[in-house]
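# Summary of the model geometry
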Amino acid sequence: MKSPMPLGPLMIDIEGVELSQVDQDILRHPLVGGLILFSRNYESTEQVSVLCNEVHHLREEPLLIAVDHEGGRVQRFRDGFTRIPCMQSLGQVYAEDQQQGLMQAQSVAWLMAMELRKVGVDFSFAPVLDLDYGCSEIIGDRAFSDDRQAVAEVAEAFQRGLADAGMASIGKHFPGHGAVAPDSHIAIPVDERPLEEIMEQDIFPFKQLIQAGMKGIMPAHVIYKQMDDMPAGFSTFWLQTILRQQLGFGGAIFSDDLSMQGASVVGDYVQRAKQALKAGGDMALICNDRLGAEQVIDGLSGVEIKPESIQRLKNMRPTQGLVLPETELQTKWNDCKKVIDGLF
(Lines give C-alpha, C1' and ligand atoms only; values in the text may rest on other atoms or scores of the structure.)
Protein backbone atom coordinates (compact mmCIF):
# COMPACT_ATOMS: atom_id res chain seq x y z
CA MET A 1 0.00 0.00 0.00
CA LYS A 2 1.31 3.41 -0.99
CA SER A 3 2.05 5.67 2.00
CA PRO A 4 0.34 9.11 2.06
CA MET A 5 2.20 12.16 0.79
CA PRO A 6 4.03 13.67 3.79
CA LEU A 7 3.56 17.20 5.06
CA GLY A 8 5.64 19.67 3.07
CA PRO A 9 7.67 22.53 4.61
CA LEU A 10 5.49 25.43 3.42
CA MET A 11 2.43 27.05 5.01
CA ILE A 12 0.44 29.32 2.69
CA ASP A 13 -2.89 31.15 2.68
CA ILE A 14 -5.98 31.56 0.48
CA GLU A 15 -7.92 34.63 -0.56
CA GLY A 16 -11.55 33.89 0.19
CA VAL A 17 -14.03 32.07 2.43
CA GLU A 18 -14.04 28.92 0.29
CA LEU A 19 -11.55 26.95 -1.74
CA SER A 20 -11.17 27.79 -5.43
CA GLN A 21 -9.89 25.13 -7.81
CA VAL A 22 -6.54 26.95 -7.89
CA ASP A 23 -6.44 26.86 -4.08
CA GLN A 24 -7.10 23.13 -4.10
CA ASP A 25 -4.36 22.51 -6.63
CA ILE A 26 -1.70 24.47 -4.74
CA LEU A 27 -2.68 22.99 -1.37
CA ARG A 28 -2.20 19.53 -2.86
CA HIS A 29 1.38 20.34 -3.87
CA PRO A 30 3.91 18.08 -2.07
CA LEU A 31 5.87 21.07 -0.75
CA VAL A 32 2.80 22.48 1.04
CA GLY A 33 2.09 21.22 4.55
CA GLY A 34 -0.18 23.83 6.06
CA LEU A 35 -2.76 26.58 5.62
CA ILE A 36 -2.93 29.75 7.71
CA LEU A 37 -6.31 31.47 7.95
CA PHE A 38 -6.97 35.21 8.23
CA SER A 39 -10.03 37.38 8.97
CA ARG A 40 -10.83 37.49 5.24
CA ASN A 41 -11.33 33.71 5.34
CA TYR A 42 -13.98 33.95 8.06
CA GLU A 43 -17.70 34.67 7.74
CA SER A 44 -19.24 32.42 10.39
CA THR A 45 -18.48 29.37 12.50
CA GLU A 46 -20.49 27.24 10.06
CA GLN A 47 -18.59 28.54 7.01
CA VAL A 48 -15.14 28.13 8.53
CA SER A 49 -16.02 24.62 9.74
CA VAL A 50 -16.91 23.62 6.17
CA LEU A 51 -13.70 25.24 4.89
CA CYS A 52 -11.48 23.45 7.43
CA ASN A 53 -13.19 20.14 6.74
CA GLU A 54 -12.58 20.50 3.00
CA VAL A 55 -8.92 21.41 3.59
CA HIS A 56 -8.40 18.44 5.89
CA HIS A 57 -9.86 16.11 3.24
CA LEU A 58 -7.77 17.40 0.34
CA ARG A 59 -4.98 14.93 1.08
CA GLU A 60 -4.61 11.56 2.74
CA GLU A 61 -2.17 13.13 5.24
CA PRO A 62 -4.28 16.15 6.29
CA LEU A 63 -2.74 19.61 6.05
CA LEU A 64 -2.16 21.55 9.26
CA ILE A 65 -4.54 24.49 9.72
CA ALA A 66 -3.33 27.45 11.79
CA VAL A 67 -4.48 30.93 12.71
CA ASP A 68 -3.18 33.92 14.67
CA HIS A 69 -5.79 33.97 17.43
CA GLU A 70 -3.79 34.95 20.51
CA GLY A 71 -6.26 37.52 21.87
CA GLY A 72 -6.46 41.29 22.15
CA ARG A 73 -5.47 43.01 18.92
CA VAL A 74 -4.63 39.68 17.29
CA GLN A 75 -7.80 37.60 16.95
CA ARG A 76 -8.78 36.69 13.40
CA PHE A 77 -12.24 35.25 14.10
CA ARG A 78 -14.66 37.53 15.95
CA ASP A 79 -18.41 37.06 15.36
CA GLY A 80 -19.45 33.72 16.82
CA PHE A 81 -16.25 33.45 18.88
CA THR A 82 -15.57 34.56 22.43
CA ARG A 83 -13.61 37.81 22.52
CA ILE A 84 -10.21 36.97 24.02
CA PRO A 85 -8.53 39.68 26.16
CA CYS A 86 -4.99 40.88 25.55
CA MET A 87 -2.37 38.81 27.35
CA GLN A 88 -1.22 41.83 29.38
CA SER A 89 -4.50 41.64 31.31
CA LEU A 90 -3.56 38.13 32.50
CA GLY A 91 -0.14 39.36 33.57
CA GLN A 92 -1.81 42.14 35.58
CA VAL A 93 -4.03 39.65 37.41
CA TYR A 94 -0.94 37.53 38.16
CA ALA A 95 0.87 40.58 39.58
CA GLU A 96 -1.95 41.07 42.11
CA ASP A 97 -2.72 37.40 42.84
CA GLN A 98 -0.43 34.74 41.39
CA GLN A 99 -2.74 31.75 41.82
CA GLN A 100 -5.67 33.67 40.35
CA GLY A 101 -3.53 34.78 37.40
CA LEU A 102 -2.41 31.22 36.64
CA MET A 103 -5.95 29.85 36.90
CA GLN A 104 -7.31 32.55 34.60
CA ALA A 105 -4.54 32.07 32.02
CA GLN A 106 -5.29 28.35 31.89
CA SER A 107 -9.04 29.03 31.56
CA VAL A 108 -8.61 31.59 28.76
CA ALA A 109 -6.33 29.28 26.79
CA TRP A 110 -8.64 26.29 27.17
CA LEU A 111 -11.70 28.13 25.89
CA MET A 112 -9.80 29.75 23.03
CA ALA A 113 -8.42 26.37 21.96
CA MET A 114 -11.76 24.58 22.31
CA GLU A 115 -13.52 27.12 20.10
CA LEU A 116 -10.85 26.84 17.41
CA ARG A 117 -10.76 23.05 17.54
CA LYS A 118 -14.55 22.91 17.28
CA VAL A 119 -14.37 24.48 13.80
CA GLY A 120 -11.39 22.39 12.70
CA VAL A 121 -8.39 24.67 13.33
CA ASP A 122 -5.39 22.66 14.57
CA PHE A 123 -3.50 25.40 16.43
CA SER A 124 -3.11 29.10 17.07
CA PHE A 125 0.29 30.79 16.98
CA ALA A 126 0.32 31.45 20.73
CA PRO A 127 1.47 32.29 23.34
CA VAL A 128 3.59 35.42 22.93
CA LEU A 129 6.66 35.00 25.16
CA ASP A 130 8.21 38.40 24.48
CA LEU A 131 8.94 40.69 27.43
CA ASP A 132 7.28 44.11 27.35
CA TYR A 133 10.16 46.60 27.48
CA GLY A 134 7.74 49.46 26.79
CA CYS A 135 9.29 50.38 23.44
CA SER A 136 7.67 48.00 20.96
CA GLU A 137 4.24 49.01 19.66
CA ILE A 138 3.83 45.75 17.75
CA ILE A 139 4.33 43.75 20.98
CA GLY A 140 3.02 46.05 23.74
CA ASP A 141 -0.05 44.56 25.40
CA ARG A 142 0.41 41.28 23.52
CA ALA A 143 3.08 40.48 26.13
CA PHE A 144 2.05 39.07 29.50
CA SER A 145 4.47 41.27 31.45
CA ASP A 146 7.81 43.07 31.57
CA ASP A 147 9.01 40.55 34.17
CA ARG A 148 10.60 37.33 32.88
CA GLN A 149 9.34 35.19 35.76
CA ALA A 150 5.78 36.45 35.36
CA VAL A 151 5.85 35.81 31.59
CA ALA A 152 7.22 32.30 32.13
CA GLU A 153 4.72 31.35 34.84
CA VAL A 154 1.61 32.80 33.17
CA ALA A 155 2.61 31.46 29.76
CA GLU A 156 3.18 27.99 31.20
CA ALA A 157 -0.33 28.06 32.69
CA PHE A 158 -1.61 29.21 29.28
CA GLN A 159 0.23 26.30 27.69
CA ARG A 160 -1.44 23.90 30.15
CA GLY A 161 -4.84 25.28 29.13
CA LEU A 162 -4.08 24.68 25.46
CA ALA A 163 -2.90 21.13 26.25
CA ASP A 164 -6.09 20.45 28.24
CA ALA A 165 -7.99 21.23 25.01
CA GLY A 166 -5.60 19.03 23.00
CA MET A 167 -3.88 21.95 21.26
CA ALA A 168 -0.14 22.44 20.80
CA SER A 169 1.50 25.70 21.89
CA ILE A 170 3.81 27.82 19.71
CA GLY A 171 5.98 30.32 21.60
CA LYS A 172 6.93 33.49 19.78
CA HIS A 173 9.01 35.48 18.87
CA PHE A 174 12.27 33.69 19.72
CA PRO A 175 14.66 34.84 21.20
CA GLY A 176 12.57 37.94 22.07
CA HIS A 177 11.06 40.82 20.05
CA GLY A 178 10.14 43.14 22.92
CA ALA A 179 13.34 45.19 23.22
CA VAL A 180 13.25 46.76 19.73
CA ALA A 181 10.91 49.57 18.72
CA PRO A 182 10.56 48.96 14.95
CA ASP A 183 7.78 46.67 13.69
CA SER A 184 9.30 43.79 11.69
CA HIS A 185 6.24 43.80 9.41
CA ILE A 186 7.43 47.10 7.92
CA ALA A 187 11.05 47.48 9.08
CA ILE A 188 14.22 45.49 9.81
CA PRO A 189 14.66 45.71 13.60
CA VAL A 190 18.15 45.41 15.07
CA ASP A 191 18.76 44.45 18.71
CA GLU A 192 22.21 45.52 19.90
CA ARG A 193 22.16 43.76 23.28
CA PRO A 194 24.78 41.16 24.25
CA LEU A 195 23.97 37.46 24.29
CA GLU A 196 24.27 37.23 28.08
CA GLU A 197 21.45 39.74 28.60
CA ILE A 198 19.15 38.10 26.05
CA MET A 199 19.81 34.65 27.52
CA GLU A 200 19.19 35.84 31.07
CA GLN A 201 16.04 37.85 30.32
CA ASP A 202 14.23 37.17 27.05
CA ILE A 203 15.06 33.49 26.63
CA PHE A 204 14.06 32.64 30.21
CA PRO A 205 10.34 32.08 29.36
CA PHE A 206 11.22 30.04 26.26
CA LYS A 207 13.48 27.81 28.33
CA GLN A 208 10.79 27.21 30.95
CA LEU A 209 8.09 26.39 28.39
CA ILE A 210 10.41 24.11 26.41
CA GLN A 211 11.05 22.15 29.61
CA ALA A 212 7.28 22.02 30.15
CA GLY A 213 6.69 20.46 26.73
CA MET A 214 6.17 23.30 24.24
CA LYS A 215 5.76 21.79 20.75
CA GLY A 216 6.38 24.79 18.48
CA ILE A 217 8.42 27.99 18.28
CA MET A 218 8.33 30.95 15.90
CA PRO A 219 11.55 33.02 15.66
CA ALA A 220 11.60 36.80 15.32
CA HIS A 221 12.47 38.73 12.16
CA VAL A 222 14.97 40.66 14.29
CA ILE A 223 18.75 40.92 13.80
CA TYR A 224 20.68 40.43 17.04
CA LYS A 225 23.76 42.24 15.81
CA GLN A 226 26.29 41.00 18.34
CA MET A 227 25.63 37.36 17.41
CA ASP A 228 24.64 37.24 13.73
CA ASP A 229 23.89 39.48 10.74
CA MET A 230 20.91 37.30 9.87
CA PRO A 231 17.48 37.71 11.55
CA ALA A 232 16.90 34.94 14.11
CA GLY A 233 14.60 32.90 11.85
CA PHE A 234 17.36 32.55 9.26
CA SER A 235 20.22 32.08 11.71
CA THR A 236 21.94 28.73 12.32
CA PHE A 237 23.34 30.24 15.52
CA TRP A 238 19.89 30.93 16.98
CA LEU A 239 18.02 27.91 15.62
CA GLN A 240 20.72 25.26 15.96
CA THR A 241 23.34 26.36 18.50
CA ILE A 242 20.97 28.01 20.97
CA LEU A 243 17.49 26.56 20.37
CA ARG A 244 18.24 22.94 19.43
CA GLN A 245 21.57 22.31 21.18
CA GLN A 246 21.68 24.59 24.21
CA LEU A 247 17.96 24.67 25.07
CA GLY A 248 17.27 21.13 23.85
CA PHE A 249 14.17 22.08 21.86
CA GLY A 250 12.87 19.12 19.87
CA GLY A 251 9.65 20.64 18.53
CA ALA A 252 8.72 22.32 15.26
CA ILE A 253 10.20 25.67 14.19
CA PHE A 254 7.87 27.88 12.10
CA SER A 255 9.26 30.93 10.32
CA ASP A 256 7.38 34.18 10.76
CA ASP A 257 5.75 35.41 7.54
CA LEU A 258 8.42 35.60 4.83
CA SER A 259 6.60 38.52 3.16
CA MET A 260 7.40 40.77 6.13
CA GLN A 261 9.95 43.55 5.70
CA GLY A 262 12.08 42.07 8.47
CA ALA A 263 12.80 39.09 6.19
CA SER A 264 13.79 41.18 3.16
CA VAL A 265 17.45 41.40 4.19
CA VAL A 266 17.83 37.71 3.25
CA GLY A 267 16.87 38.20 -0.42
CA ASP A 268 13.87 37.25 -2.57
CA TYR A 269 11.13 34.85 -1.46
CA VAL A 270 12.95 31.74 -2.66
CA GLN A 271 16.17 32.76 -0.88
CA ARG A 272 14.21 33.52 2.30
CA ALA A 273 12.48 30.13 2.29
CA LYS A 274 15.67 28.23 1.51
CA GLN A 275 17.60 30.01 4.27
CA ALA A 276 14.80 29.59 6.84
CA LEU A 277 14.77 25.82 6.21
CA LYS A 278 18.55 25.51 5.88
CA ALA A 279 19.07 27.29 9.22
CA GLY A 280 16.90 24.70 10.94
CA GLY A 281 13.27 25.69 10.36
CA ASP A 282 10.66 22.99 9.73
CA MET A 283 7.97 25.12 8.08
CA ALA A 284 8.19 28.45 6.25
CA LEU A 285 5.16 30.78 6.09
CA ILE A 286 4.37 32.79 2.96
CA CYS A 287 1.31 34.98 3.53
CA ASN A 288 -0.65 37.52 1.49
CA ASP A 289 1.31 36.93 -1.70
CA ARG A 290 0.19 33.98 -3.86
CA LEU A 291 2.72 34.82 -6.57
CA GLY A 292 5.46 34.72 -3.93
CA ALA A 293 4.20 31.34 -2.70
CA GLU A 294 4.24 29.98 -6.25
CA GLN A 295 7.79 31.27 -6.75
CA VAL A 296 8.91 29.48 -3.58
CA ILE A 297 7.24 26.23 -4.67
CA ASP A 298 9.05 26.44 -8.01
CA GLY A 299 12.32 27.44 -6.35
CA LEU A 300 12.24 24.59 -3.83
CA SER A 301 11.47 21.95 -6.43
CA GLY A 302 13.41 18.77 -5.66
CA VAL A 303 14.34 19.88 -2.12
CA GLU A 304 14.68 16.99 0.32
CA ILE A 305 12.12 17.00 3.13
CA LYS A 306 13.83 15.70 6.27
CA PRO A 307 12.00 12.86 8.05
CA GLU A 308 12.60 14.50 11.44
CA SER A 309 10.92 17.71 10.19
CA ILE A 310 7.91 15.75 8.99
CA GLN A 311 7.62 14.08 12.40
CA ARG A 312 7.91 17.39 14.27
CA LEU A 313 5.10 18.83 12.12
CA LYS A 314 2.95 15.74 12.68
CA ASN A 315 3.38 16.30 16.42
CA MET A 316 1.57 19.64 16.02
CA ARG A 317 -1.70 17.82 15.39
CA PRO A 318 -4.38 18.08 18.09
CA THR A 319 -4.48 15.38 20.74
CA GLN A 320 -7.48 14.20 22.72
CA GLY A 321 -6.89 16.54 25.66
CA LEU A 322 -9.06 16.30 28.76
CA VAL A 323 -12.01 13.97 28.36
CA LEU A 324 -15.02 15.23 30.30
CA PRO A 325 -18.68 14.16 30.47
CA GLU A 326 -20.95 16.56 28.58
CA THR A 327 -22.33 18.16 31.75
CA GLU A 328 -18.84 18.78 33.17
CA LEU A 329 -17.67 20.10 29.81
CA GLN A 330 -20.52 22.61 29.73
CA THR A 331 -19.80 23.66 33.33
CA LYS A 332 -16.12 24.16 32.54
CA TRP A 333 -17.04 26.15 29.41
CA ASN A 334 -19.35 28.43 31.41
CA ASP A 335 -16.75 28.93 34.15
CA CYS A 336 -14.05 29.84 31.61
CA LYS A 337 -16.40 32.22 29.82
CA LYS A 338 -17.08 34.01 33.14
CA VAL A 339 -13.33 34.34 33.72
CA ILE A 340 -12.86 35.91 30.28
CA ASP A 341 -15.83 38.27 30.68
CA GLY A 342 -14.35 39.43 34.00
CA LEU A 343 -11.08 40.45 32.34
CA PHE A 344 -12.73 43.24 30.32
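Everything below is about the structure shown above.
Residues numbered from 1 in each chain as written. Predicted model: local features only at pLDDT ≥ 70, side-chain atom pairs only at ≥ 80, totals over all residues. Heavy atoms only, no water.

Taken as a whole, this structure holds 17 salt bridges when the rule is applied. Taking the shortest distance from any N to any O, the salt bridge between Glu70 and Lys172 comes out at 2.9 Å. Of the two residues, Glu70 sits in strand S4 (residues 69-71) while Lys172 sits in strand S7 (residues 170-174), which places them 102 residues apart along the sequence. An identical accessibility class is assigned to Glu70 and Lys172; each is buried. Between Lys337 and Asp341 there is a salt bridge, with its nearest N and O atoms 3.1 Å apart. Separated by 4 residues within a single helix, Lys337 and Asp341 lie in helix H12 (residues 326-341), roughly one turn from each other. Judged by its relative accessible area of 30%, Lys337 falls in the partly exposed class. Each of the salt bridges in this network shares a partner with another, and the network as a whole consists of Asp68, Glu70, Arg76, Arg142 and Lys172. (Salt bridge = Lys/Arg side-chain N within 4 Å of Asp/Glu carboxyl O. Helix = DSSP H or I, 4+ residues; strand = E, 2+ residues; numbered from the N terminus. Buried < 20%, exposed > 50% of the residue type's maximum accessible area, 1.4 Å probe, protein only.)

Let us look at the environment of Gly140. Of note, Gly140 is situated in the loop between strand S6 (123-124) and helix H5 (148-164). On the basis of relative accessibility, which here comes to 16%, the residue Gly140 falls in the buried class. When sequence neighbours within four positions are dropped, the list of residues in contact with Gly140 reads Arg73 and Asp132. (Contact = heavy atoms within 4.5 Å.)

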